[in-house]
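One-letter residues, chain by chain:
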Amino acid sequence: MNAIKKGGIFFPALLCTLLWGSAFPSVKIGYALFGIGDDAASKLFFAGWRFMLAGVAVLAVSTVLNKKLVFPKRSLWKGILLLGFVQTTLQYVFFYIGLSHTTGVKGSVITAMSTFLAVGASHFLFPDDRLTTAKTIGCLVGFVGVVMISISSVDALGGGFALTGEGFMLLSTVASGAGAVISKFVAKGESPMMITGWQLFFGGAVLLLAGIFGGGHFTTVTPKAVALLGYLIFLSAAAFSIWTWLLKKYPVGKVTVYNFLVPVFGTLMSGIILHETVFTVRNMLSLVLVCVGIVLVNRTKAEKTA
């Protein structure tokens, strides 16, 4: 039974982190395809269309499955709006602006820090999700793997810390970690697709409006650019729906530890797609450490329920 539960987390979480990892090079390519330069409003305009339409896509699928559009109960609206503001609006204001001022590799590395925030917060908020020796060691091992990628990135791509680059990416991870905890409360006993759809829609709408009022726009629109936007919409709709379901079903710390894989996939895909120099022995060793960290964290539950 424990093996089944582990597999129940592993494969969906792996898919989510793979999709999120692919977002780093995809967003950078999107800036080029849509002709978005150093214009914050246009970046928010881009993000707004992506997340609002992702919310529409999730709600459309939910409507087909339920044969009606599912509206949240009145008591849920406050939580959904808060989740949309934190997990979509705030997270991606910092993400879209920050990523344009740093590399895909460094951005994906910093994103993994949300794991520690979520695991640490869940220790104090959820009685069934306490930190243990094995979980702590697993987090530390995974963190070492992330740091190794970060050091490699600095060696290959240059160091430095910019507030609107690495600083904004760090703030994005704070919003991501907070969103994971909020989602645990909001999704309790509710449909993950309904929660995901509405929070993406409202969070995306705020981003889009901010972009429009700031004068944001697409300089060029081509079939290739639209196809890329379509992929970003798909990955957001799929990843957030699955992630919300996982957070509803399993302890926050057991799920968010898989965020360690985001910088691994982000690093590898940035190397392949953006031709950033990332394929080194150190990076491959970091992948092993990240995987070991995840295994250690997941062993904790098995030991407690054996």
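Residues numbered from 1 in each chain as written. Predicted model: local features only at pLDDT ≥ 70, side-chain atom pairs only at ≥ 80, totals over all residues. Heavy atoms only, no water.

**Q** If you had to explain the overall build of the protein chain to someone new, which residues and values would you point to?
**A** Looking only at helices and strands, the protein chain has 12 helices and 0 strands in total. Helices (α) and strands (β) of the protein chain occur, in sequence order from the N terminus, as α-α-α-α-α-α-α-α-α-α-α-α. For the protein chain, buried positions account for 54% of its 306 residues. (Helix = DSSP H or I, 4+ residues; strand = E, 2+ residues; numbered from the N terminus. Buried < 20%, exposed > 50% of the residue type's maximum accessible area, 1.4 Å probe, protein only.)

**Q** Quick rundown of the environment of Gly 203? Include the residues and the values.
**A** Of note, Gly 203 is situated in helix α8 (residues 192-213). Not counting chain neighbours up to four residues away, the residues in contact with Gly 203 comprise Gly 84, Thr 88 and Thr 89. (Contact = heavy atoms within 4.5 Å.)

**Q** Report on helix α3 (residues 77-99), specifying residues and quantitative values.
**A** Spacing of three or four residues puts side chains on the same side of an α-helix, whose turn is 3.6 residues. In this model, α3 (23 residues) spans 31 Å end to end at C-alpha, consistent with the 33 Å of a helix rising 1.5 Å per residue. Maximal helix bending in α3 amounts to about 30 degrees, located at Tyr 92. (Expected span 1.5 Å × (residues − 1). Bend = angle between axes of the 7 residues up to and from the residue.)

**Q** Before we move on, could you go through the nonpolar core and cite the residues and values that matter?
**A** Trp 20, Phe 46, Tyr 96 and Trp 243 are the most contacted members of the largest nonpolar core, which totals 56 residues. The biggest single contributor to this core is helix α9 (residues 223-249), with 13 residues. Among residues more than four places away in sequence, those in contact with Trp 243 are Ala 13, Cys 16, Trp 20, Val 255, Thr 256, Tyr 258 and Asn 259. Leu 76, Val 186, Ile 195 and Trp 198 belong to the second largest nonpolar core, which has 11 residues in total. (Core = buried A, V, L, I, M, F, W, Y, C linked by side-chain atoms within 4.5 Å.)

**Q** Help me get a handle on the packing of α8 against α9, residues and values and all.
**A** Closest axis-to-axis distance for the α8/α9 pair is 9 Å, and the angle between their directions is 130 degrees. Judged by the angle between their axes, α8 and α9 are oblique. When you trace α8 past α9, the crossing you get is right-handed. Taking contact as the criterion, the partners of Pro 192, Ile 195, Thr 196, Gln 199 and Leu 200 in α8 are, on α9, Ser 236, Ala 237, Phe 240, Ser 241, Thr 244, Trp 245 and Lys 248. (Axes fitted to C-alpha atoms, helices over the stretch in contact; angles between N-to-C directions. Parallel < 35°, antiparallel > 145°, perpendicular 65-115°, else oblique. Left-handed = near helix turned anticlockwise from the far one by under 90°.)

**Q** Help me get a handle on the packing of aromatic side chains, residues and values and all.
**A** Applying the stated rule across the entire model yields 28 aromatic pairs. Each ring, one from Trp 77 and one from Trp 198, has its centre 5.7 Å from the other, and the planes form 70 degrees; the classification is edge-to-face. Taken together, the residues Trp 77 in helix α3 and Trp 198 in helix α8 connect sequence positions 121 residues apart. Residue classification places Trp 77 among the partly exposed residues on the basis of a relative accessible area of 25%. Owing to a relative accessible area of 9%, Trp 198 belongs among the buried residues under this scheme. It is Lys 43 that lies over the ring of Tyr 31; its NZ or CZ is 6.0 Å from the centre. (Phe/Tyr/Trp six-rings, centres within 6.5 Å; stacked < 30°, edge-to-face > 60°. Lys NZ or Arg CZ within 6 Å of the ring centre and 35° of its normal.)

**Q** Outline the pattern of salt bridges, supporting the account with residue identities and numerical values.
**A** This structure, assessed with the given rule, holds 1 salt bridge. Here Asp 38 ties to Lys 43 by a salt bridge, and the two come within 3.5 Å at their closest N and O atoms. Since its relative accessible area comes to 67%, Asp 38 is described here as exposed. Residue Lys 43 is classed as buried on the basis of its relative accessible area of 2%. (Salt bridge = Lys/Arg side-chain N within 4 Å of Asp/Glu carboxyl O.)

**Q** Mind laying out the environment of Arg 282, listing which residues take part and the relevant values?
**A** Topologically, Arg 282 is positioned in helix α12 (residues 281-305). Each C-alpha atom of the pair Arg 282 and Gly 145 lies 9.1 Å from the other, and the pair is 137 residues apart in sequence.

**Q** For a nonpolar patch on the surface, give the residues involved together with the corresponding values.
**A** On the surface, Leu 209, Ile 212 and Phe 213 cluster together into a nonpolar patch covering about 350 Å² of accessible area. Along the chain, the position of Ile 212 falls in helix α8. (Patch = residues over 30% accessible without salt bridge, like charges linked within 9 Å, V, L, I, M, F, W, Y side chains within 5 Å. Areas by Shrake-Rupley, 256 points an atom, 1.4 Å probe, with all protein chains shown as cover.)

**Q** Please set out the side chain of Ser 42 residue by residue, giving values where relevant.
**A** Position of Ser 42 relative to the elements: it lies in helix α2 (residues 40-66). In this structure the side chain of Ser 42 is engaged in a polar contact, spanning 3.1 Å, whose partner is the backbone nitrogen of His 217. Setting aside residues no more than four positions away along its own chain, Ser 42 makes contact with Ile 36, Gly 216 and His 217. (Polar contact = N/O pair within 3.5 Å; in protein donor to acceptor, adjacent residues only side chain to side chain.)

**Q** Please provide a residue-by-residue account of the packing of α3 against helix α7 (residues 163-186), values included.
**A** At a minimum axis distance of 8 Å, the contact between α3 and α7 shows a crossing angle of 160 degrees. By the angle between their axes, α3 is roughly antiparallel relative to α7. Where α3 crosses over α7, the handedness of that crossing is left-handed.

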